Amino acid sequence: MGLLEPSALVFASFAVLLWWLAWRERRRRVRTVPALFLWQALPRPPARRSSLRDWLLILQLGTLAALVLALARPYSEAGSHEAGTRHLLVLDLSASMQAREGEKTRWQLAQARAREYLDRLAPTDEVELVGVAHRLQVLLPATRDREQARRVLEDTAPYDSESQLATALAEISAWRQSGSVHRVAVFSDFADPDLPQPFLEQFDLFPVGGTDQNLAIEAVQVTQHPWQAPEDVQATVHLRNFSRRTQHGLLSVESDGQVLLQSGLTLGSGESVRVPLPRLKKSGWLVAKLAADDALAADNLAWAWVAPPEPLELCLVAPRQSNWPWLRALLHSASVLRAAPPDCVRERARGRTVYLFYRTLPPASFAAPALVIHPPPREEGEGGRLSRASIADWDGSHPLWQHALPDLQATVERVSLYPTPADASVALWGRVQERVVPLVWSVSGNDTAGRQVWVAFDLPGKLELSTDDEGWTVFFFETLAFLAPPNPQPSLWVAGRAAPLPPGAGATRIHGPRQQQQTLGPEQNWFVPLWQGEYRLERDEQVRTAIVQAARGAESDIAPKLAVTHPSAASQQPARRPAAVRPRQEWTTWMLALGAIVLLVEAWAVSQGVRWNGH
Amino acid sequence: MRWWHRRSTAATSATRPPELLPLDWYHKLDRLQIGLARPSTPRLGSKPFRRESAHGLEVHAYRPYAWGDDLRHLDWNAYARLDQPLIRRFRAEQESLTYVFVDISQSMSADPTEDKLAFARTLAAGLAYVCLRRHEPVQLGAFSSALPEGCALSARWRQRPQFLSAIRFLSELAARGGTDFGAAAAALLHRNLPPGLVIFLSDFLVPLEQVTGPLRQLRARGLAVAALQLLADSDREPFQGGRQWRLRDAESSEEREVWWDETSRALYRQALDRHVQALRDFSTQHGVLHVVVPTANGIERCFLETLVQARLLC
């Protein structure tokens, strides 16, 4: 039992007022007389009346007690106290917990706090350990074995992944409300700025760390078209100082073991800088390293992949050739063939070739990757064309959008009404007044050699407009990538985020950068890497290498956000013997009902008393 | 204000008698005197040497000379004129003492709004003034069970200026203890005080047997007794409203709950009237003057009407 608003008990002092009024009324009814012998003949008052007055006072006090209790919002907790209290220790395992605080890391400080917490628990209490990084992870189910809890605590280490502490605390709050957990202790640096205060107020917080000194590589950005040569690639390293004082560092970038850049940097408080890399000479991994005297080392290393050149030939088939410059401007490295339809078709099968039919139809039974743009309508005249259509809907599961769903502009011009074949898969619909027409569809989508994409409107007209139509430009390149898929690229993943496993039917054996090994079943097609570095994936006797980067961004901002603001964070003491917290049931309504009932009883008693008076 | 003026003012206030009686009352009381027949006694200093003669100025009678008579009492002028020796007999000066006993029990102050004790003090002061105005000796007393021996007696005063002492005695009386008529009677009887008129100022709201015995003893000793029963309105109409009351005896603190309605009111009035009538009957039988003095009528009507009509004053 407990009270949510114990301050309302102040109103219980009104009981003294009630008692004083009753006492005053009684005292007022006392009269001093010279002698009592003259009154002996007078009748005594009915005993019923006297007791009624006492009962009225009791009923008034009962009504007051019920109302005061209703204001105090009493609650009861389910469950029995005999089983002890179940403590949930939430351990932050995100990358920011690796930050150094003097000679120790934040994680080591959190471990020490957690050990102290465990030492203070009663023998009957149960403890459960959960870790929070990219997701909520149960490290140790509820147990009373303290030694096991300490072993799990020692064996646990923070990951290179980002923190989902806010989401995890919301879930834990639901656990607590359901009664499965009685008391929650959170050991974290609380560097997440979006922590929900209402949840935090329910928990015992043990903040660790206070430094904000971190100079981080935010990203290594490589801008490369699918068929662009490494020499034309633009690469940039983004750096940022997350601390409140100036930081110095040495940036070095390597490409395939050769140093591309070495530069000393000085960044002011909160300052960010973009360091462009010199002209690349070859494809491969770009490794950026930052040497700085900061607290967090995980974000001082970053990778980027520069793909090898894969030339793509476009065979353009069009009734007129005046529209080609837009394509040349878009594709710097793609070889563009100008050919009349018969020649172009005749020259097919020369490497990776995509046929682009503009305002003309491909030949019948054409079995090569083709992009048909603005085909002529079947019906001649105005009945086969629409002047303006708005984007109505799209199929999000279409393979065209597998990499990105571009931000397409709302309207397209000059739409051809062309009937879609039976095996067509429509990716985009348009609306003309109340009529919905297909705008983009693919044919023979499963056959890489013969797949075609039909665009029913004048796509070059959209591409020529301006660079604001980036959505259509992305759509154009994604379509080319769909028709002529580039070779598989090495995997570059982020710690804490799901990564696809290589296709296969057997189990996957994973060798991590910290000599950890993991075997996933055949049905598992993804896994979540936890530390940055090189992963080796073995499946069906095929070996594939993946690079995993540490999560950065919010994790690099290691400054605690909870230092002074939260009241429970101010008490740095280990947990006292905590009281059990169980699912609450408020009794406010019942108290109000009880008060009303007592009031009615009192009114009835008064009415009966008046009748007795009259009698 | 100068210092001597201040001292003069302080001296005046120190000697000023407590104002029990309004100043304009004294000339009204000057016209009154005790009218009740009461036993007298020779004045102090005029006690006769023998039973049949006494010293004095007033010749009471003559008788023939006998052997052994004091020749100082021989009327030589009559002997020369009548040639017969005559002895002058004198009458001693008589005086009648008045005892005024005030009941200072708690019952006299049961109702603070109608303080019967204050009324009794004023009444006693007025009676003392009436006596002293005519140089009649008066002695005041207060009786209560809380007093040592149950009674406190003042000195006996005869002179009019001694009224100031009477006022001071009365002013120091405060309600305490219970009613004890026996102690008052014993104070008179055991101290062998001279006979006179004993005036009791009380509400007499005690069981009648506590009153009749002492009064009967006083009458048996030849004292004249007047019982002035002071009754306030609250004694006749205790409550103006309410249903249930808890009564507390002013003297014994005993409590009793009563149910107050018309029936109860009638029963109480009946009991009070019966008690007053019983006291009156007893007084009639034993020669005690019983006067009911309603305090609500005021002290002026009490002196000029009630006590005059009862012939205590004239």
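Residues numbered from 1 in each chain as written. Chains lettered and ligands numbered in written order. Predicted model: local features only at pLDDT ≥ 70, side-chain atom pairs only at ≥ 80, totals over all residues.

Engineer: Explanation requested: the overall build of chain A in the structure shown.
Structural biologist: Helix and strand counts for chain A come out as 12 helices and 34 strands. Here chain A holds 615 residues, and the buried ones make up 32% of them. Considering only residue pairs separated by 6 or more positions, chain A has 70% of its internal contacts joining residues 24 or more positions apart. (Helix = DSSP H or I, 4+ residues; strand = E, 2+ residues; numbered from the N terminus. Buried ≥ 20, exposed ≤ 12 C-beta atoms within 10 Å, placed from the backbone. Contact = placed C-beta atoms within 7 Å.)

Engineer: Which parts of the structure should I look at to understand the overall build of chain B?
Structural biologist: When helices and strands are counted, chain B shows 10 helices and 12 strands. Taking all 314 residues of chain B together, the buried fraction comes to 36%. Within chain B, counting contacts between residues at least 6 apart in sequence, those at least 24 apart form 76% of the total.

Engineer: I keep staring at the packing of helix α3 (residues 106-119) of chain A against helix α4 (residues 146-155) of chain A and nothing clicks. Help me out?
Structural biologist: Two measures define how a pair of helices packs: the angle their axes make with one another and the distance between the axes. Residue and element names in this part refer to chain A. Between α3 and α4, the shortest axis-to-axis distance is 11 Å and the interhelical angle comes to 175°. Taken together, α3 and α4 sit at an angle that is classed as roughly antiparallel. Taken together, the residues of α4 that come into contact with α3 (itself represented by Q111, A114, R115 and L118) are R146, A149, R150 and L153. For the contact of α3 with α4, the class distribution of residues is 4 nonpolar, 1 polar and 3 charged. (Axes fitted to C-alpha atoms, helices over the stretch in contact; angles between N-to-C directions. Parallel < 35°, antiparallel > 145°, perpendicular 65-115°, else oblique. Nonpolar A, V, L, I, M, F, W, Y, C, P; charged D, E, K, R; others polar.)

Engineer: Mind showing me how you'd approach the sheet that holds strand β10 (residues 204-207) of chain A here?
Structural biologist: Note: strands within a sheet are paired through backbone hydrogen bonds, in either parallel or antiparallel orientation. All names here are of chain A. What the 5 strands build is an open sheet, ordered β8-β7-β4-β9-β10; its pairing is mixed. What marks the edges here is a single partner per strand, and that holds for β8 (136-143) and β10. Averaged over all pairs of adjacent strands, the angle between their axes in this sheet comes to 15°, without regard to strand direction. Packed onto the sheet, α3 meets β4 (86-92), β7 (126-132), β9 (183-188) and β10 and runs at close to 175° relative to β4. (Pairing = 2+ DSSP bridges.)

Engineer: What is the right way to read unusual backbone geometry from this model?
Structural biologist: For residues that are not glycine, phi is negative in most cases, and the peptide bond is trans in most cases. Residue and element names in this part refer to chain A. Within the chain, Q433 stands out as a residue other than glycine whose phi angle is a positive 50°. Mapped onto the fold, Q433 is located in the loop between β24 (425-432) and β25 (435-443). What makes Q433 exposed here is the crowd of 9 C-beta atoms within 10 Å. The backbone phi angle of D540 is positive, close to 55°, even though this residue is not glycine. Within the secondary structure, D540 sits in the loop between β32 (533-539) and β33 (542-549). C-beta crowding within 10 Å serves as the criterion here: with 12 such atoms nearby, D540 is assigned to the exposed category.

Engineer: Would you mind going over the confidence of the model for chain A with me for this structure?
Structural biologist: Residues shown with low pLDDT carry predicted positions that ought not to be read at fine detail. Residues and elements named next belong to chain A. Averaged over every residue, the pLDDT of chain A is 80; the share at 70 or more is 83%. In this model residues 564-582 is a low-confidence stretch, pLDDT under 50, and it forms 31 contacts with partners more than four residues away in sequence or in other chains. Note that pLDDT drops below 50 for residues 611-615; the model gives that stretch 4 contacts with residues more than four away or on any other chain. (pLDDT = per-residue confidence, 0-100.)

Engineer: What exactly am I supposed to notice about helix α9 (residues 262-286) of chain B here?
Structural biologist: Since there are 3.6 residues in each turn of an α-helix, residues three or four apart along the chain are aligned in direction. All names here are of chain B. The terminal C-alpha atoms of α9, which comprises 25 residues, lie 36 Å apart, in line with the 36 Å expected from a rise of 1.5 Å per residue. Turning to α9, its buried residues number three or more, namely S264, Y268, H275, L279 and S283. In the core, the buried residues of α9 are packed alongside α7 (209-220), β9 (224-231), β11 (255-259) and β12 (288-294). In the stretch just after α9, G287 is the one whose phi turns positive, near 70°. (Expected span 1.5 Å × (residues − 1).)

Engineer: Help me out: how do you make sense of the interface of chain B and chain A in this one?
Structural biologist: Interface size, as often reported, equals the accessible area lost upon joining of the parts. If you look at the interface, chain B gives 29 residues, while chain A gives 18 residues. In terms of residue class, the side of chain B that touches chain A is built from 15 nonpolar, 5 polar and 9 charged. Here strand β2 (residues 30-33) of chain A pairs with strand β10 (residues 244-249) of chain B via 4 bridges, running parallel. From the neighbouring strand, A:R31 faces β10(B), where its bridge partner is B:L247.

Engineer: Is there a simple way to explain the sheet that holds strand β17 (residues 301-306) of chain A in this structure?
Structural biologist: Residue and element names in this part refer to chain A. Taken together, the 4 strands give an open sheet; going across it, the order is β14-β13-β16-β17, and neighbouring strands pair in antiparallel fashion. Edge strands, defined here as strands with exactly one partner in the open sheet, are β14 (258-267) and β17. Pairs of neighbouring strands in the sheet enclose a mean axial angle of 20°, with direction left out of account. As paired strands, strand β13 (residues 247-255) and strand β16 (residues 284-292) are joined by 7 bridges and run antiparallel to one another. Residue L250 lies in a different strand from β16, and its bridge partner there is A291.

Engineer: Any chance you could explain the pairing of β32(A) here in plain terms?
Structural biologist: On a regular strand, each side chain points to the face opposite its neighbour's, so the side chains alternate between the two faces of the sheet. All names here are of chain A. Where strand β29 (residues 508-511) lies against β32, 4 bridges are found, and the strand directions are antiparallel. By the bridge assignment for β32, T508 is matched with R539. The antiparallel pairing of β32 with β33 creates a hairpin that spans 2 residues between the two strands, and D540 there sits at a positive phi of about 55°.

Engineer: Would you take a moment to explain the nonpolar core for this structure?
Structural biologist: Most often, soluble globular proteins have nonpolar side chains that are buried together. Counting residues in each nonpolar core, the largest one holds 84 residues, and the members touching the most others are B:V100, B:F101, B:A124, B:A128, B:V198, B:I199 and B:L201. No other element matches the 12 residues that helix α4 (residues 116-133) of chain B contributes to this core. Setting aside chain neighbours within four positions, we find B:I199 in contact with B:T98, B:Y99, B:V100, B:F101, B:L127, B:A226 and B:L228. Listed in part, the 75 residues of the second largest apolar core include A:A133, A:Y159, A:A235 and A:L562. (Core = buried A, V, L, I, M, F, W, Y, C linked by C-beta atoms within 7 Å.)

Engineer: Looking at this structure, I do not really get the environment of A:A157. What am I missing?
Structural biologist: The residue A:A157 is located in the loop between α4 and α5 (165-178) in this model. Separated by 26 residues in the primary sequence, A:A157 and A:G131 have C-alpha atoms spaced 9.7 Å apart.

Engineer: Explain the confidence of the model for chain B here, please?
Structural biologist: Residues and elements named next belong to chain B. Per-residue confidence for chain B averages 82 on the pLDDT scale, and 87% of its residues sit at or above 70. Here residues 1-17 is a poorly scored stretch, pLDDT under 50, and it has 3 contacts once near neighbours within four places are set aside; other chains count. Contacts of residues 48-52 to residues separated by more than four positions or lying in other chains number 4 contacts, the stretch itself having pLDDT below 50. Overall fold confidence for the complex sits at a pTM of 0.47, while the interface term, ipTM, reaches 0.77.

Engineer: For this particular structure, what's the right way to read the pairing of β33(A)?
Structural biologist: All names here are of chain A. Where strand β27 (residues 491-494) and β33 come together, 4 bridges link them in parallel fashion. Considered in β33, the bridge of V494 is made with Q549. Here 7 bridges tie β32 to β33, and the two strands are oriented antiparallel to one another. Within β33, the position partnered with G533 by the bridge is V548.

Engineer: Would you take a moment to explain the environment of A:F366 for this structure?
Structural biologist: All names here are of chain A. By the secondary structure assignment, F366 is in the loop between β20 (353-358) and β21 (370-373). We classify F366 as partly exposed; it has 16 C-beta atoms within 10 Å. Sequence-wise, F366 and G450 are 84 residues apart; in three dimensions their C-alpha atoms are separated by 7.6 Å.

Engineer: Would you mind showing me how to read α4(B) here?
Structural biologist: All names here are of chain B. Over its 18 residues, α4 extends 25 Å from the first C-alpha to the last, a length consistent with the 26 Å expected when each residue adds 1.5 Å. For α4, the buried fraction is high: 16 of the 18 residues fall into the buried class. At the exit of α4 stands H135, carrying a positive phi of roughly 60°.

Engineer: Explain the packing of α7(B) against α9(B) to me, please; I cannot follow it from the model alone.
Structural biologist: Residues and elements named next belong to chain B. Remark: α7 packs on α9, axes separated minimally by 11 Å, with the N-to-C direction vectors making an angle of 15°. When the interaxial angle is binned, α7 and α9 end up roughly parallel. Judged by the twist between their axes, the crossing of α7 over α9 is right-handed. In this structure, α7 uses V211, T212, L215, R216 and R219 to contact α9, whose residues at the interface are L279, F282 and H286. Partitioning the contact of α7 with α9 into residue classes produces 4 nonpolar, 2 polar and 2 charged. (Left-handed = near helix turned anticlockwise from the far one by under 90°.)

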